[in-house]
Amino acid sequence: MLQDKFGRVIDYLRIAVTDRCNFKCEYCMPAEGIKYDSQTNLLNYEEIIRLVKLLSKEGINKIRITGGEPFLRKDLMVLLRALSEINLIDKIAITTNGTLTSQYIDELLELGIKSINLSIDSLDKSRFNKITRTNQFENVWNCFEKLLKKDFDLKINCVILDGQNIDDIIPMIKLGEKYNISVRFIEEMPFNGSGTYHNVLKWDYNNIIGHIKNNLKNIVALNNEPGSTSINFRVHGYIGRFGIIPAYTRSFCGSCNRLRLTPNGVIKTCLYDEGIFNVRDLIRAGASEAQLLTAISEAIHNKAENGFEAERGRLSNKQIIESMAIIGG
Ligand code: SF4
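Residues numbered from 1 in each chain as written. Predicted model: local features only at pLDDT ≥ 70, side-chain atom pairs only at ≥ 80, totals over all residues. Heavy atoms only, no water.

### Describing the site of the ligand
Inference 1: In the vicinity of the ligand, the contacting residues are Arg250, Phe252, Cys253, Cys256, Arg258, Arg260, Cys270, Leu271, Tyr272, Lys303 and Gly307.
Inference 2: In terms of residue class, the shell around the ligand is made up of 6 nonpolar, 1 polar and 4 charged. (Near = heavy atom within 4 Å. Nonpolar A, V, L, I, M, F, W, Y, C, P; charged D, E, K, R; others polar.)

Listed below in structure tokens is the structure:
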């Protein structure tokens with residue numbers, strides 16, 4: 001069992017399979033994009049599968065595949081098929097922007113991968129295209145509709161941006177009148193690749209729920225799953241629900257069960273740390289399973305109590321300058 005010094009059991013591994021993305025979302029990277037790592041520096045599929053097999057024997061039972069945009073990684077379905085064959089992994093979920101996903105829907109179903117988080121930051125085409133710096137609204141919406149038709153466990157991730165998509169909050173929740181989906185509003189985080197961030201985050205949990213309660217009646221609080229980062233609600237009579245993820249306020253760290261693996265093999269025990277060590281280098285230096293497990297278990301044992309402690313503990317980059325595309329959310 002992988003456990004930290006606070007007694008939190010780590011059973012959920014988020015794997016960012018690439019830093020490449022075909023979007024340039026304003027809250028994730030600068031307009032000019034980011035410098036991608038070389039392909040050879042990225043973990044190859046054999047290395048990822050080896051790590052997942054190793055960690056699944058220690059209690060990791062849920063995997064989330066992220067990026068960048070994971071479907072940009074060549075032959076991603078090969079990796080997903082191999083991961084779906086690892087017995088001790090109960091659930092594989094994917095976070096995607098939906099631009100390349102539609103063509104793989106039937107194969108995902110065949111592999112039993114039904115949990116998809118789709119990034120949709122606006123229901124308004126021009127706002128969507130401005131925030132993502134693309135013209136991909138229709139493509140993403142088509143993917144949304146196709147996933148719904150195939151009865152996927154579909155969540156929408158929407159990062160709340162001051163002066164940009166506040167007018168989307170209520171219409172997004174109203175999708176729940178018609179669709180059995182979960183819309184999650186995410187506090188904007190400082191992982192925008194520019195090193196700049198708000199002095200004070202205006203649209204935090206309190207302001208988002210306040211805005212919602214000022215505009216919608218009959219809101220019912222729902223029970224949240226252990227380890228869930230989303231604080232969930234339903235409008236009475238709706239089939240869908242919504243939630244708010246206080247990703248910057250970090251009020252959910254007490255039940256954190258997450259470990260992260262970046263595209264180039266950095267182990268992060270918290271989203272806000274700067275990375276604990278590079279497991280790729282250990283693997284490529286010929287480390288045994290026992291040596292890999294010792295290094296990962298030690299990192300997990302010393303996991304920061306919360307995201308603020310992790311951020312204070314940053315040594316080389318005190319200022320958060322990295323893009324979310326190289327972390328995987
Ligand atoms: S901020 Fe860090 S400790 Fe808190 S929930 Fe996220 S990963 Fe876990």
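There's plenty left to go through after this.
### Details of the pairing of strand E10 (residues 258–261)
Inference 1: Burial along E10 is two-sided: Arg258 and Arg260 facing one way and Leu259 and Leu261 facing the other are all buried.
Inference 2: Two successive antiparallel strands, E10 and strand E11 (residues 266–268), enclose a turn made up of 4 residues, where Gly265 displays a positive phi of approximately 95°. (Buried < 20%, exposed > 50% of the residue type's maximum accessible area, 1.4 Å probe, protein only. Helix = DSSP H or I, 4+ residues; strand = E, 2+ residues; numbered from the N terminus. Pairing = 2+ DSSP bridges.)

### Quick word on the side chain of Arg260
Inference 1: Tracing the sequence through the fold places Arg260 in strand E10.
Inference 2: Summary of buried charges: Arg260 has no salt-bridge partner, and the nearest side chain of opposite charge, Asp273, is 7.7 Å away.
Inference 3: Among the polar contacts listed, one links the side chain of Arg260 to the backbone oxygen of Gly329, at a separation of 2.6 Å.
Inference 4: Here Arg260 is in contact with Leu13, Arg14, Val266, Ile267, Lys268, Cys270, Leu271, Ile327 and Gly329, once residues within four sequence places are set aside. (Lys, Arg positive; Asp, Glu negative; His and termini not counted. Salt bridge = Lys/Arg side-chain N within 4 Å of Asp/Glu carboxyl O. Polar contact = N/O pair within 3.5 Å; in protein donor to acceptor, adjacent residues only side chain to side chain. Contact = heavy atoms within 4.5 Å.)

### Some points on the side chain of Glu322
Inference 1: The residue Glu322 is located in the segment after helix H10 (307–312) in this model.
Inference 2: With residues up to four places along the chain from it excluded, the contact list for Glu322 reads Pro190, Phe191, Asn192, Gly193, Lys268, Asp273, Arg314 and Ile327.

### Examining helix H1 (residues 45–56)
Inference 1: Taking 1.5 Å per residue as the helical rise, H1 with its 12 residues ought to reach 16 Å, and the 16 Å between its terminal C-alpha atoms agrees with that figure.
Inference 2: Across the 12 residues of H1, 9 count as buried, placing the element largely inside the fold.
Inference 3: Buried within H1 are the following residues: Tyr45, Glu47, Ile48, Ile49, Leu51, Val52, Leu54, Leu55 and Ser56.
Inference 4: In this fold, the buried residues of H1 make contact with strand E1 (12–16), strand E2 (62–66), helix H2 (76–84), E10, helix H8 (279–284) and helix H9 (289–301). (Expected span 1.5 Å × (residues − 1).)

### Regarding the layout of surface pockets
Inference 1: As a volume, the second largest pocket reaches approximately 290 Å³.
Inference 2: For the lining of the second largest pocket, the per-class residue count stands at 7 nonpolar, 4 polar and 8 charged. (1 Å grid on protein atoms, 1.4 Å probe; cavity = no way out; pocket = protein on both sides within 12 Å on 5 of 7 lines; lining within 4 Å. Points joined across faces, edges and corners; volume = space filled by probe spheres on them.)

### Concerning the sheet that holds E10
Inference 1: Judged by pairing direction, the sheet is mixed, and its 12 strands sit side by side in the order E7-E8-E9-E6-E5-E4-E3-E2-E1-E10-E11-E12 without closing on themselves. Taken across any chain shown, the strands that pair with only one partner, and hence form the sheet edges, are strand E7 (219–221) and strand E12 (277–278).
Inference 2: Two elements, E11 and E12, share 2 bridges in a ladder whose sense is antiparallel. If you follow Ile267 over to E12, its bridge partner there is Phe277.
Inference 3: Across the sheet, helix H5 (residues 137–149) lies against strand E4 (115–119) and strand E5 (153–160), angled at about 160° from E4, the strand it touches most. (Axes fitted to C-alpha atoms, helices over the stretch in contact; angles between N-to-C directions.)

### Quick notes on the packing of helix H4 (residues 125–132) against H5
Inference 1: Where H4 meets H5, the axes come as close as 9 Å, and the angle between the chain directions of the two elements is 105°. When the interaxial angle is binned, H4 and H5 end up roughly perpendicular. Across from Lys125, Phe128 and Asn129 in H4, the residues of H5 making contact are Phe137, Glu138 and Val140.
Inference 2: Classifying every residue of the contact of H4 with H5 by side-chain character gives 3 nonpolar, 1 polar and 2 charged. (Parallel < 35°, antiparallel > 145°, perpendicular 65-115°, else oblique.)

### Concerning the pairing of strand E9 (residues 241–245)
Along any regular strand the residues' side chains alternate between the sheet's two faces.
Inference 1: Counting buried positions over the 5 residues of E9 gives 4, a clear majority of the element.
Inference 2: Where strand E6 (residues 182–187) meets E9, 5 bridges bridge the pair, whose relative direction is parallel. Residue Phe185 lies in a different strand from E9, and its bridge partner there is Ile244.
Inference 3: Relative to E9, strand E8 (residues 231–235) runs antiparallel, the two sharing 3 bridges. Along E9, the bridge assignment pairs Phe233 with Phe242.
Inference 4: In this antiparallel pair of consecutive strands, E8 and E9, the connection spans 5 residues, and Gly237 shows a positive phi of 95°.

### Observations regarding the packing of H1 against H2
Helix packing for two helices is described by the angle between their axes and how far apart those axes are.
Inference 1: Where H1 contacts H2, the axes come no closer than 10 Å and their chain directions differ by 20°. Viewed along their axes, H1 and H2 adopt a mutual orientation that is roughly parallel. Note on packing geometry: the crossing formed by H1 with H2 is right-handed. Of the residues in H2, those in contact with Tyr45, Ile48, Ile49 and Val52 of H1 are Leu76, Leu79, Ala82 and Leu83.
Inference 2: When its residues are assigned to classes, the contact of H1 with H2 shows 8 nonpolar, no polar and no charged. (Left-handed = near helix turned anticlockwise from the far one by under 90°.)

### Section: the environment of Asp121
Inference 1: For Asp121, the location among the structural elements is in the loop between E4 and H4.
Inference 2: Here the alpha-carbon distance between Asp121 and Asn41, two residues 80 residues apart in the chain, equals 31 Å.
Inference 3: Those residues in contact with Asp121 that sit more than four places away from it in its chain are Tyr27, Phe128, Ile131, Thr132, Asn157, Cys158, Val159, Asn165, Asp168 and Met172.
Inference 4: Of note is the side chain of Asp121, whose polar atom sits 2.6 Å from the side chain of Tyr27.
Inference 5: At 2.9 Å, the side chain of Asp121 and the backbone nitrogen of Val159 are in polar contact.

### Overview of H9
Inference 1: Along its 13 residues, H9 runs 18 Å from first to last C-alpha, staying within 8% of the 18 Å computed at 1.5 Å per residue.
Inference 2: Looking at H9, one finds that the buried residues are Leu292, Leu293, Ala295, Ile296, Ala299 and Ile300. Projected down its long axis, H9 carries its buried residues within an arc of 165°, all on one side. Facing away from the buried side of H9, by more than 90 degrees, are the exposed residues Ala290 and Glu298.
Inference 3: The secondary structure elements touched by the buried residues of H9 are H1, E10, E11, E12 and H8. (Arc of directions from axis to C-beta.)

So far we have only geometry, and geometry alone does not tell us how the molecule works.
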